[in-house]
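# Fold and geometry: a report
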Amino acid sequence: MVHISGRVLDPHLEPVKEARISVRLDNQGQELLSGGRRSFQVLSDCKGWYLAEFSPSSPIQEGSKLELEVTKPGFMSVVVSLEGGDLAQRGEHFYFTKHISLPRKLGPGTLISSGVFLVVYLLMAFELVHRTVAAMAGAVFLLLVSSTLGVFLPDYRIISFSAVSQAVDLNVIALILGAMLAVGAMKGTGIFEWIVAKCFVLGRFRIQTLSALLVLITAAISAFVDNVAAIIVLAPMSIKLAQALKVNPVKLLIPQVLASNLGGTATLIGDTTNVMIGSASGLSFTDFLENLGPLCGLALVALLGMTALANRERIATETHELLEEELRAAKIKDKHFLILGLLVSSLAVALLLVHGSWGMEPSIPVLGGGSALFIYGVLTRRLRMLEFLEKEVEWPLLLFLSCLFWMVAALDESGALFLVSEALIALSHWDPAVAMSLLLWGSALVAAFVDNLPLTAAMLPVLSHLSQALPDGNLQGFWWALALGVSLGGNGTVVGGSANMVAMGMANSAGYPVSFARFLRLGFPYMILSVAISNVWLLAFYR
């Protein structure tokens, strides 16, 4: 019996999964044992490991010639020769370990996956169709091409069904679902409206003070609640109370939106992009808080300064009676459920602080807390289950992310993202500091104009390749550069983030339309300033 094992790696020393390995002995194909069955090929696993075991068709002697052929779409085929004398022998068993490097190549799969991703990106960028529909169409098309044409032409087998099933990051999906359940359950208590009302009480005489308070509260809530959800629960009350004061709500909403994107950057659970980055990198809640928290604090000070310069007028005193009426209506509606929600949320945050040292996925405490509040609310008839699940859970977002993971896995399998990492390395001249800065500014500028979720998903495998190609670089710095770029870049334009469009949509519905140029006047300068602060911070601590 002959046992040949090893790893299949790409040029960046990343594992190559589902590579096909066949063995020839003296030019005769050998039947291999695989999972208790016999086959002429074995596949490498998700870590690139393979094991080829066979009973030789002819005796192995000193001059016998063994050949391993390794093939996979998107890679050049490689034939490795082993001499019979190279095998270690123990009784009637022969052992050999051989690691194999597969060079990348451009093929039809690379062009198809890249083209599909680009078309989907453009459909989303110009809002020609809903992003979930675009992503689903692209993902299903790639899977169909791989499962039909790829059967007869291996170069068209872009991604297998098993690779698709492994591509969906359930940690990301579960964490976002848990956060939706928790926020949806807490909305009924009236806590968010009450918080906004208190800000108006404290800052009723000056827009500067009021805007600063709303910025601080929005940033704080967005650090622990998805920034889109934070805007959904805070903005309506801000608009309502601003109207009572006869103040244009847009003066308060734009700084709130910028604060929500900034606050979401500071923690693992504050933004969907951070959830994706944390899951891919293994960085914990405390890693995000310790590394990005102080930086976001500096950027928050800059935002407060810019907001103060933009809003200098006082509020007319005759509007105070109108405000008092609105404030009296803003009160806690369910104190019992609010106390329970705060206790459960505190426990979830406590578990998030230790999840890294406990080896716990961050989705577990968030999903656990959200599920507990949802189940309690349904059992006590505070929540109507079907109505709640329909209104409070963004099923299209979860489906969109799943399809997005499929497409990005296809890009990675076909070698398209490998080429992106090679281009980034070439532009940086192999300098980690330059590569980190390019990543930060490039992702920020792209995220200012298009959806940052597909950008983030596509860049995750690129960073994995960079970690091998730039061994002297601080990989953690690259993760932070991506997190900062895609989150802060969304502040640049009104279409740069979901929170931006949600808030401005609410303002438009209330009779206060916001033009692209008006948002740009405050958003883009702040984006440039915050990204510049981030660049200095990254070069100071992570180069």
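Residues numbered from 1 in each chain as written. Predicted model: local features only at pLDDT ≥ 70, side-chain atom pairs only at ≥ 80, totals over all residues. Heavy atoms only, no water.

### Digging into the pattern of salt bridges
Counted by the stated rule, this structure contains nine salt bridges. Notably, a salt bridge pairs Arg 24 with Glu 67, separated by 3.1 Å at the nearest N-O pair. A residue pair is termed long-range when its members are at least 10 positions apart, and Arg 24 in strand S2 (residues 20-25) and Glu 67 in strand S8 (residues 65-71) qualify at 43 residues. Judged by its relative accessible area of 23%, Arg 24 is partly exposed. The exposure class assigned to Glu 67 is buried, which follows from its relative accessible area of 12%. A salt bridge links Lys 72 to Glu 413; the shortest N-O distance between them is 2.7 Å. In this pair, Lys 72 is assigned in the loop between S8 and strand S9 (78-83) and Glu 413 in helix H16 (residues 395-414), connecting sequence segments 341 residues apart. By the burial criterion, Lys 72 is buried, and Glu 413 matches it. Here the salt bridges share partners, and the residues they tie into one network are Arg 24, Lys 65, Glu 67 and Glu 69. (Salt bridge = Lys/Arg side-chain N within 4 Å of Asp/Glu carboxyl O. Helix = DSSP H or I, 4+ residues; strand = E, 2+ residues; numbered from the N terminus. Buried < 20%, exposed > 50% of the residue type's maximum accessible area, 1.4 Å probe, protein only.)

### Quick notes on the packing of helix H5 (residues 170-187) against helix H10 (residues 272-281)
In the contact formed by H5 and H10, the axes pass within 9 Å of each other and the chain directions differ by 145°. Crossing geometry of H5 relative to H10 is assigned as right-handed. Where H5 approaches H10, its residues Asn 171, Val 172, Leu 175 and Ile 176 are matched on the opposing element by Thr 272, Val 275, Met 276 and Ser 279. Class assignment of the residues belonging to the contact of H5 with H10 gives a composition of five nonpolar, three polar and no charged. (Axes fitted to C-alpha atoms, helices over the stretch in contact; angles between N-to-C directions. Left-handed = near helix turned anticlockwise from the far one by under 90°. Contact = heavy atoms within 4.5 Å. Nonpolar A, V, L, I, M, F, W, Y, C, P; charged D, E, K, R; others polar.)

### A look at the packing of aromatic side chains
A complete count under the given rule lists six aromatic pairs for this structure. Measuring from centroid to centroid gives 5.8 Å for Phe 117 and Tyr 121, while their planes differ by 75°, and the two rings are edge-to-face. Of the two residues, Phe 117 and Tyr 121 both sit in helix H1 (residues 108-125), four residues apart, roughly one turn of that helix. Neither Phe 117 nor Tyr 121 differs from the other in exposure class; each is buried. Ring centres 6.3 Å apart and planes at 35° place the aromatic pair Phe 224 and Phe 285 in the tilted group. Here Phe 224, found in the loop between helix H7 (207-222) and helix H8 (227-244), pairs with Phe 285, found in helix H11 (residues 285-310); they are 61 residues apart in sequence, far enough to count as distant. Given the relative accessible area of 41%, Phe 224 is considered partly exposed. A residue is classified by how much of its surface remains accessible, and Phe 285, at 1% relative accessible area, is buried. Over the ring of Phe 400 we find Arg 131, and its NZ or CZ is 4.7 Å from the ring centre. (Phe/Tyr/Trp six-rings, centres within 6.5 Å; stacked < 30°, edge-to-face > 60°. Lys NZ or Arg CZ within 6 Å of the ring centre and 35° of its normal.)

### What about the nonpolar core?
Judged by nonpolar contacts, the single largest core of 145 residues is most densely connected at Leu 401 and Met 504. Considering each element in turn, this core owes the most residues, twelve residues, to H16. Listed in part, the 25 residues of the second largest apolar core include Val 8, Ala 19, Val 23 and Leu 66. (Core = buried A, V, L, I, M, F, W, Y, C linked by side-chain atoms within 4.5 Å.)

### Side note on helix H18 (residues 432-447)
Here H18 contains 16 residues, and its C-alpha end-to-end distance of 22 Å stays within 8% of the 22 Å for a straight helix at 1.5 Å per residue. Where H18 is concerned, the buried positions are Pro 432, Ala 433, Ala 435, Met 436, Ser 437, Leu 439, Leu 440, Ser 443, Ala 444 and Ala 447. Looking at where H18 begins, the residue whose side-chain oxygen comes 3.0 Å from the main-chain nitrogen of Ala 433 is Asp 431. (Expected span 1.5 Å × (residues − 1). Polar contact = N/O pair within 3.5 Å; in protein donor to acceptor, adjacent residues only side chain to side chain.)

### What about the environment of Leu 379?
For Leu 379, the position within the fold is in helix H14 (residues 363-379). Judged by relative accessible area, which is 68%, Leu 379 ranks as exposed. On a C-alpha basis, the gap between Leu 379 and Leu 210 in space is 39 Å, while along the polypeptide they are 169 residues apart.

### Details of the pairing of strand S1 (residues 2-9)
Along any regular strand the residues' side chains alternate between the sheet's two faces. Counting buried positions over the eight residues of S1 gives six, a clear majority of the element. As paired elements, S1 and strand S7 (residues 49-54) share six bridges and run antiparallel to each other. Within S7, the position partnered with His 3 by the bridge is Glu 53. Here S1 pairs with strand S11 (residues 93-97) via four bridges, running parallel. Looking at the pairing, Ile 4 lines up with Phe 96 of S11. Where S1 meets strand S12 (residues 100-101), two bridges bridge the pair, whose relative direction is parallel. Within the sheet, the bridge partner assigned to Val 8 lies in S12 and is Ile 100. (Pairing = 2+ DSSP bridges.)

### Description of a nonpolar patch on the surface
Together, Leu 118, Leu 122, Phe 126, Leu 128, Val 129 and Val 133 make up an exposed nonpolar region whose accessible area comes to about 600 Å². On the accessibility criterion, Phe 126 (58% relative accessible area) is exposed. (Patch = residues over 30% accessible without salt bridge, like charges linked within 9 Å, V, L, I, M, F, W, Y side chains within 5 Å. Areas by Shrake-Rupley, 256 points an atom, 1.4 Å probe, with all protein chains shown as cover.)

### Description of the confidence of the model for the protein
Summary statistics for the protein give a mean pLDDT of 87 and a share of 94% for residues scoring 70 or more. Within the protein, no element has a lower average pLDDT than helix H12 (residues 320-329), which sits at 60, and none a higher one than H14, at 95. (pLDDT = per-residue confidence, 0-100.)

### A word on helix H21 (residues 498-509)
In a regular helix each residue adds 1.5 Å, so twelve residues correspond to 16 Å; H21 covers 16 Å between its end C-alpha atoms and thus fits that length. Within the span of H21, buried status applies to Ala 499, Asn 500, Ala 503, Met 504 and Ala 507. All buried residues of H21 lie within an arc of 120° about the axis, which places them on one face of the element. Looking at the packing, one finds that the buried side of H21 touches H8, helix H9 (250-265) and helix H22 (516-541). Downstream of H21 by one or two residues, Gly 511 has phi in the positive range, about 95°. (Arc of directions from axis to C-beta.)

### Section: the pairing of S11
Side chains of S11 alternate between two faces, with Phe 94 and Phe 96 buried and His 93, Tyr 95 and Thr 97 left unburied. Pairing analysis gives three bridges linking strand S10 (residues 88-90) to S11, with the strands arranged antiparallel. Each residue of the ladder has a partner; that of Arg 90, found in S11, is His 93. The hairpin turn running from S10 into S11, its antiparallel successor, is two residues long, and Gly 91 in that turn takes a positive phi close to 65°.

### A short note on unusual backbone geometry
Located in the positive-phi region is Glu 18, a residue other than glycine, with phi close to 60°. Secondary-structure assignment places Glu 18 in the loop between S1 and S2. Of note in the backbone geometry, Asp 26 takes a positive phi value of approximately 50° without being a glycine. Position of Asp 26 among the secondary structure elements: in the loop between S2 and strand S3 (28-29).

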